Every structure is written in structure tokens, then in C-alpha cells.
Amino acid sequence: MNFRGLDDLGDVHGKVALVRVDLNLPMRDGDVTDTTRIRAAAPTILELSEKGAKVLLLAHFGRPGGERSSTLSLSMVVGAVEAVIGKEVMFIPEISGDVAKQAIGILRAGDVGILENTRFWKGEEANDPEFAAAIADIGDLYVNDAFSAAHRAHATTEGLAKLLPAYAGRSMQAELEALDKALGQPEKPVAAVVGGAKVSSKLDVLHHLVGQVDHLIIGGGMANTFLAAKGVNVGKSLCEHDLADTANKILAAADASDCTVHLPYDVMVAKEFAANPASLRSCNVHEVKADEMILDVAPAAVEALADVLKTCRTLVWNGPLGAFETEPFDAATVALARTAAALTREGSLVCVAGGGDTVAALNHAGVADDFTYISTAGGAFLEWMEGKELPGVAALSG
Ligand code: ADP
Ligand code: MG
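## Some words on the pairing of strand 10 (residues 215–218)
Here is step 1: By the alternation rule, side chains of strand 10 split into His215 and Ile217 and Leu216 and Ile218, which are all buried.
Here is step 2: Pairing analysis gives 4 bridges linking strand 9 (residues 190–194) to strand 10, with the strands arranged parallel. Note on strand 10: the bridge partner recorded for Val194 is Ile218.
Here is step 3: In this fold, the crossover linking strand 9 to strand 10 by way of helix 8 (residues 203–210) has right-handed handedness.

## As for the site of ligand 1
Here is step 1: Neighbouring ligand 1 are 17 residues, the closest being Ala197, Lys202, Glu325, Asp357 and Thr358.
Here is step 2: Side-chain polar atom of Lys202 to an oxygen atom of ligand 1: 2.7 Å apart, as the coordinates give it.
Here is step 3: Gly221 is positioned such that a nitrogen or oxygen atom in its backbone is 3.2 Å from a nitrogen atom of ligand 1.
Here is step 4: Residue assignment for the shell around ligand 1 shows that the elements contributing at least two residues are helix 9 (220–229), strand 14 (293–297) and helix 13 (356–365).
Here is step 5: Residue contributions to the shell around ligand 1 peak at 3 residues, all from helix 13.
Here is step 6: Split by residue class, the shell around ligand 1 holds 6 nonpolar, 8 polar and 3 charged.

## What about the packing of helix 8 against helix 10 (residues 244–256)?
Here is step 1: At a minimum axis separation of 9 Å, helix 8 and helix 10 run at an interaxial angle of 20°. Classified by the angle their axes make, helix 8 and helix 10 are roughly parallel. Remark: the crossing between helix 8 and helix 10 carries left-handed chirality. Between helix 8, through Leu203, Leu206, His207 and Val210, and helix 10, the contact on the second element is made entirely by Thr246, Ile250, Ala253 and Ala254.
Here is step 2: The class makeup of the residues in the contact of helix 8 with helix 10 is 6 nonpolar, 2 polar and no charged.

Reading the values: rules and limits
Residues numbered from 1 in each chain as written. Chains lettered and ligands numbered in written order. Predicted model: local features only at pLDDT ≥ 70, side-chain atom pairs only at ≥ 80, totals over all residues. Heavy atoms only, no water. Buried < 20%, exposed > 50% of the residue type's maximum accessible area, 1.4 Å probe, protein only. Helix = DSSP H or I, 4+ residues; strand = E, 2+ residues; numbered from the N terminus. Pairing = 2+ DSSP bridges. Right-handed = clockwise from strand over helix to strand, strands pointing away. Near = heavy atom within 4 Å. Polar contact = N/O pair within 3.5 Å; in protein donor to acceptor, adjacent residues only side chain to side chain. Nonpolar A, V, L, I, M, F, W, Y, C, P; charged D, E, K, R; others polar. Axes fitted to C-alpha atoms, helices over the stretch in contact; angles between N-to-C directions. Parallel < 35°, antiparallel > 145°, perpendicular 65-115°, else oblique. Left-handed = near helix turned anticlockwise from the far one by under 90°. Contact = heavy atoms within 4.5 Å.

Quick look at the structure:
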């Protein structure tokens, strides 16, 4: 991996740094409800500010579809950004041109500003070179600190990097280094946990991983599809029966590349999907009744998976092992996550995880601080797990 980071910056005093960040914040009634993404960008913003740059934040917010929208203006997040970074922030209702230049003229070295929602202009998502050039015209250098947007080749995630000296921010750098340790150049043996609802949403992930890892642990609803493909009767479990051929091809590909696939052999089943249902029981996968559904991996099988992790040096995890939002179907995910956390604390495992529901499940398990890295990047994390080159990252290494 080869990219320039903030350590490679020369003297930036008085220079205008255009910094792409993720400010696509959850809001309720006009208030920001979660500042995680601002906190992720804060070290980069403050470092550039301390070095005397004029720091101009670029970000998208929602889906305005290339038109101005009063309800999607980034002016709404200014207060939350100020609260997190502890500095005043100027809002600039443009992204290029004379108004933006005049505003930048007012800023002093070390000041911070936010430019308007990049998606108010059609050129952003179209990655229009003229649009990117107009933005580049107001800046001296470009810093990308938004890994979560790096799977999109947009003007402010990719185009700008080709027009100005481009650097990875601290948060981007941390993410790239963690991902590289997990799948780029991992210490072997490597295990992957892939769970979640459906095989269909993660086909490319599975195809890529079988060629990369030594152990592939499949859980969640998608394990049911694999079990069914192997002739197991999964009752009324969530299952994509039409993907049996695909599942078998993935198993064959794993076999061909010496990747051991671990499917649950003991499962938690119930007749109705509810919290602590009366019909709850554990059984061997071959004993699931026609009116039952598999909702989690059972304790004995989780212990076998924990033993697999104990032999590994690297783990990459996406997707819960069961329907973790409903008790007690969080048990397998929580138990295996705690094993992974303990091994990571001991220093025997590098453990990287990501995915919307996965992050929620790992927070629920209380292991977030013990994992080596937890990516909140969603789509970009999955595309990275598919082995794809992310345009926003590639542009930084060019
Ligand atoms: P992520 O967002 O981390 O990529 P997914 O969206 O693929 O994860 O999957 C998460 C969902 O999978 C959760 O809502 C969970 O309830 C569901 N799930 C996991 N196991 C099962 C199962 N056995 N039956 C039904 N749903 C399941
Ligand atoms: Mg999800």
C-alpha cells in the first residue's frame, strides 16, 4: 500500500486544505443524534489547523440529487462540528467560485470552514472534471479522510485527488492500515466470519474470501442456504433455496483453494420468531422440524468455532451469527465476539470487523474497544471485502 499521508505534508501554513470528510450524520428534528463520524475526522481537522492551514471541509449529506435543498444543507451540522472540535466553524454556502474565494479570504491560518453539500451539484456524482477543476481552483491541497465514501468515484472523492497534491487523512490512514493487516498482508492462518441474513447480498464477498482465508466460518441466515444446498432440511428458516447451485460452487471453490468452511452443526431453533419463545430448543442441524426455523448457532458449535479462532492469527468479521436483535439469538455472536476480543487482548489475534449490523452486534457484545479495528464504513468495507479496488483509495496512491 502506497499513499501519502499527513506525515508527508510540507509547510502548509496559510494554504487552503480541501478535506473530504464523512458528515452524512444521523439527524432527528434538525439535531445531530450521533457524532461518531465527526469524532473520526477531528484529528485530521485539528492537525491541519494546528499546522496553520485554512481547513475547508467537503462532504455530502443525504441524496439531494444534484439540486439545492433547504433540508439537506450542511449548515445544519456546523454546531455539532464546532462542539466536537472545540473551534468556531464558518459555513460557506458554495463549493467553488467567487463567493467561496471571498469567504476563504476572510479565514485566517488555522481556521476551519464547511463548504455546502457536495451533492447539491450534479457534477459531484457524475465526477465531472470541470466541476472538480472549479473546486480545485479554491484550494492548494486535498486530504481524503472519508474511507466510507471511497468506493464511489465522485468529484470530491476521486476527481479532486488527481488535480491537487493528495493525502490520506488520519482516519483514512488508520482504516487502510487495519484493512491491510487483515486481508492485504495478514499473518496466517487467517479466518473470516461471514454471517447476516442473505447469501445473495454477500456473494462477491464469499467468492473472494475462499481464495484468501484458511478458515471460512459461515453463520446467520446465509448458513441456512449452504446447509440446504448440502441436503439439510432447514424447515421454515430464512433460506435462499434458489441459490443452492451457487452455494455448492462456493464450497467447491473453497475446497480447491484449501479453505476450510465451517457451517454450524448445532443450532438454536424455534417455531416462532419472538424473544425467548416457548418453542426454543437446540438441536443438530439434521433434526430441524418442518415447522421450526434456525435463528442462531448453538453453544457446542460456537465452542468449536472458538477453537478454530484459537489456531488463527488474523480474523476478519462481517455479519452476525444469528438474529441478534432478538434474545436469546444474540448468544452465539456475543460468545464468539468475546472469544475474539480475548484473543486480541492477549496479542494472538489481529481482529478487524465491519458492516452496519455487525458494528451494532459487536457494540452489544461490549467488545468494540478490544477488536483491533472496527470499520463503520458500510458499503466501502464490503467492497473492500470483495477484493475490489476502491476508486477513492486508488486515487491517493496514484
Ligand atoms: P451487516 O449489516 O453487518 O453486513 P447483514 O445486514 O448482512 O449484516 O445481516 C444482519 C441481519 O441478519 C440481522 O438483522 C440479523 O437479524 C439477520 N440474521 C442473522 N441470522 C439470522 C437467521 N438465522 N435468521 C434470520 N435472520 C438472521
Ligand atoms: Mg445490514
